[in-house]
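Take a look at the letters that make up each chain.
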Amino acid sequence: MQINVERHQARRAALNARLPAGLLILPTARVKNRSNDSDYSYRFDSSFHYLTGFGEPEAVLVQVLGDQPRSILFCLPKNELREIWDGFLFGPAAAQAQFGFDEAYPIDQLDARLAELMAGQPRLYFPIGADEKWDQRILDLVNVVKSRARLGLSAPTEFVDVRAAINEMRLFKDPHELAIMREAGRISAEAHLRAMQAARPGQFEYEVEAELLYHFYKNGSRYPAYGSIVAAGANATCLHYHENNCRLRDGDLLLIDAGCELHGYAADITRTFPVSGRFSGPQKDVYQLVLAAMQASFDQVRPGVPRIAYHDAAVRTLTQGLIDLGVLHGSVDGLIESEAYKQFYMHGTGHWLGLDVHDVGEYKIDGESRRFEPGMVLTVEPGLYFRPPLADSPAHYVRNIPEHFLHLGVRIEDDLVVTADGHDNLTTLAPKTVADIEAAMAR
Ligand code: GLY
Ligand code: MN
Ligand code: MN
């Protein structure tokens, strides 16, 4: 994708405007080893990328915050041998010019220059506690500055976790980010449709996973945003099932939770459909109930509504439905109060979505659920899971779950952006009603 210098410069300026004077230090992510001398595919740190657009490992953003702000990049130097083996590196000079930094230096100058940059600064901003080695390195440098105090320059005395300010900015997506997320949603929804149409009894779950990944790659997404969950039958009652190595049986439901990452941004979609192409009666009952809960949640996603309302709406709809299906017994209010529904619905109804699949941003402000505002992007993902209770399950658990519901797991997940007057659904292309799923799978 084209590097847009102004966009990242504007974000750095906005961060400067939010924070009292000081020195910001933000390293990107480390390379992670997979085995022997092979590493995992490199993924930059999301906040580092948000502020710089720079994708190489071993890089650090340093910003002098205040009236005369400066953005400084530390990165790997040009190195012919390394580039022959591992690929192109910008090097400081080209990185400075192409990414719009005021200064750039080789990463091996970081400690020496940081000690100079820290001197005289009142406070340091960095992701405190995110990485022990960085914590230690930065505190060691503060001590170096302290040891030079007789030269007349004081060391910073305040240490601020800079993530709070960056996270708050990242929570509100700008039009450029929304355009990417719309595209990530479209590609991912199409991949779900493809998987639905390809799934057959007798296949392995990983064969269906291959259909998803093929569509992601084919459309320019180089990675899934998280490990794809392709869970047939009872596997769907494990929320983070990831083996994906069982056979699809005729009569099973197949739950797929998968989304692509596009230019760093995640999509996160779940669909649940019958391997045979036709829902059984009990499967349809559970499915329609989860879909109704999703609709009840959607109704709460608009500006001004506290975020928790969409979870409460899902819980209320699911609890009433479980009573209607003869699974739970009692009053809706009583069953919500006692949390009896958690036997069947034990997770939240969604999360912020962005550069991270579980994206950053506070869910509460001063202890109160924060209200939706335009530009926030979130998932809505109600579900129901019917696991047979164990001998040592909590005493209040329903033991006589109707046989025809046992081992069913259904979740449906879409990605919404809050707009001025409601919301927009980024993932509608993946069929969702019983009729649409059965039509898409008709063979
Ligand atoms: N795929 C993880 C989630 O839905 O939150
Ligand atoms: Mn998901
Ligand atoms: Mn999710």
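Q: Just to check I follow, could you spell out the pairing of strand β4 (residues 60-65) for this structure?
A: Both faces of the sheet carry side chains from a regular strand, because those side chains alternate between them. With respect to burial, β4 is a largely interior element, six of its six residues being buried. Side-chain alternation along β4 places Val-60, Val-62 and Val-64 on one buried face and Leu-61, Gln-63 and Leu-65 on a second face that is also buried. Sheet analysis places strand β1 (residues 22-27) next to β4, joined by six bridges and oriented antiparallel. Looking at β4, one finds that Leu-26 is bridged to Leu-61. Linking two consecutive strands that pair antiparallel, namely β4 and strand β5 (residues 70-75), is a turn of four residues; a positive phi of about 145° is found at Gly-66 within it.

Q: Explain the side chain of Ser-221 here, please?
A: By secondary structure assignment, the location of Ser-221 is in the loop between α9 (205-218) and β9 (223-224). At 2.9 Å, the side chain of Ser-221 forms a polar contact with the backbone oxygen of Glu-261. Excluding residues that lie within four positions of it along the chain, Ser-221 makes contacts with Phe-216, Cys-260, Glu-261 and Leu-262.

Q: Looking at this structure, I do not really get the coordination of the manganese ion (ligand 2). What am I missing?
A: Six octahedral donors at a metal ideally form angles of 90 or 180 degrees, and four tetrahedral donors ideally form angles of 109.5 degrees. With distances of 2.0 to 2.5 Å, the protein atoms coordinating the manganese ion (ligand 2) are Asp-257 (OD), Asp-257 (OD), Asp-268 (OD) and Glu-413 (OE). For the manganese ion (ligand 2), the six donor atoms are set out with angles of 57 to 170° between them, so the coordination reads as irregular. Within one chain, the residues serving as donors to the manganese ion (ligand 2) are arranged as D-x10-D-x144-E. The manganese ion (ligand 3) is placed at 3.3 Å from the manganese ion (ligand 2), the two being bridged by Asp-268. Of the two residues, Asp-268 is situated in the loop between β13 (265-266) and β14 (269-274) and Glu-413 in the loop between β19 (409-411) and β20 (414-419); the sequence distance between them amounts to 145 residues.

Q: What is the right way to look at the sheet that holds β20 in this model?
A: Two modes of strand pairing occur in sheets, parallel and antiparallel, and in both the strands are linked by backbone hydrogen bonds. The antiparallel open sheet is built from three strands, whose spatial order is β17-β20-β21. Both outer strands of the open sheet, β17 (377-380) and β21 (422-425), are each paired with one neighbouring strand and no more. Taken over all neighbouring pairs, the strand axes of this sheet differ in orientation by 40° on average, direction set aside.

Q: Just to check I follow, could you spell out the coordination of the manganese ion (ligand 3) for this structure?
A: Protein-derived ligands of the manganese ion (ligand 3) are Asp-268 (OD), His-351 (NE2), Glu-381 (OE) and Glu-413 (OE), with the metal-ligand distances lying across 2.0 to 2.2 Å. Here the manganese ion (ligand 3) is ringed by six donor atoms whose angles at the metal span 51 to 157°, and the overall shape comes out irregular. All donors of the manganese ion (ligand 3) come from a single chain, and their spacing in sequence reads D-x82-H-x29-E-x31-E.

Q: Looking at this structure, how should I read the pairing of strand β10 (residues 229-232)?
A: Of the two faces of β10, both are covered, the one formed by Ile-229 and Ala-231 as well as the one formed by Val-230 and Ala-232. Pairing between β10 and strand β11 (residues 253-258): four bridges, direction antiparallel. Within β11, the position partnered with Val-230 by the bridge is Ile-256.

Q: I tried to follow the site of ligand 1 on my own but got confused; where do I start?
A: Tyr-226, Asp-257, Asp-268, His-351, His-358, Glu-381 and Glu-413 make up every residue found near ligand 1. Between ligand 1 and Asp-268 there is a distance of 3.2 Å, counted from an oxygen atom to a side-chain nitrogen or oxygen. A distance of 2.7 Å separates an oxygen atom of ligand 1 from a polar side-chain atom of His-358. When isolated, ligand 1 has an accessible area of 200 Å², and the protein chains bury 89% of it. In terms of residue class, the shell around ligand 1 is made up of one nonpolar, two polar and four charged.

Q: Which parts of the structure should I look at to understand a nonpolar patch on the surface?
A: Taken together, Leu-81, Ile-84 and Trp-85 make up a surface patch of nonpolar side chains, about 440 Å² in accessible area. Positionally, Leu-81 belongs in helix α3 (residues 80-86).

Q: Just to check I follow, could you spell out the packing of helix α10 (residues 281-298) against helix α11 (residues 308-324) for this structure?
A: Two packed helices can be described by the angle between their axes and the distance between those axes. Taken N-terminus to C-terminus, the directions of α10 and α11 make an angle of 150°; their axes are 8 Å apart at the nearest point. Taken together, the axes of α10 and α11 are roughly antiparallel relative to one another. Here α10 runs over α11; the crossing is right-handed. Of the residues in α11, those in contact with Leu-289, Val-290, Ala-292, Ala-293, Ala-296 and Ser-297 of α10 are Tyr-310, Ala-313, Ala-314, Thr-317, Leu-318, Gly-321 and Leu-322.

Q: Help me understand the environment of Arg-113, please; the structure alone is not making it clear to me.
A: Secondary-structure assignment places Arg-113 in helix α5 (residues 110-118). Measuring from C-alpha to C-alpha, the distance between Arg-113 and Phe-74 comes to 9.9 Å, with 39 residues separating the pair along the chain.

Calculation notes
- Residues numbered from 1 in each chain as written.
- Chains lettered and ligands numbered in written order.
- Predicted model: local features only at pLDDT ≥ 70, side-chain atom pairs only at ≥ 80, totals over all residues.
- Heavy atoms only, no water.
- Buried < 20%, exposed > 50% of the residue type's maximum accessible area, 1.4 Å probe, protein only.
- Helix = DSSP H or I, 4+ residues; strand = E, 2+ residues; numbered from the N terminus.
- Pairing = 2+ DSSP bridges.
- Polar contact = N/O pair within 3.5 Å; in protein donor to acceptor, adjacent residues only side chain to side chain.
- Contact = heavy atoms within 4.5 Å.
- Donors = N, O, S within 2.8 Å, 3.2 Å for Na, K, Ca; no water.
- Tetrahedral: all angles 85-135°; square planar, octahedral: opposite > 155°, others 65-115°.
- Axes fitted to C-alpha atoms, helices over the stretch in contact; angles between N-to-C directions.
- Near = heavy atom within 4 Å.
- Areas by Shrake-Rupley, 256 points an atom, 1.4 Å probe, with all protein chains shown as cover.
- Nonpolar A, V, L, I, M, F, W, Y, C, P; charged D, E, K, R; others polar.
- Patch = residues over 30% accessible without salt bridge, like charges linked within 9 Å, V, L, I, M, F, W, Y side chains within 5 Å.
- Salt bridge = Lys/Arg side-chain N within 4 Å of Asp/Glu carboxyl O.
- Parallel < 35°, antiparallel > 145°, perpendicular 65-115°, else oblique.
- Left-handed = near helix turned anticlockwise from the far one by under 90°.

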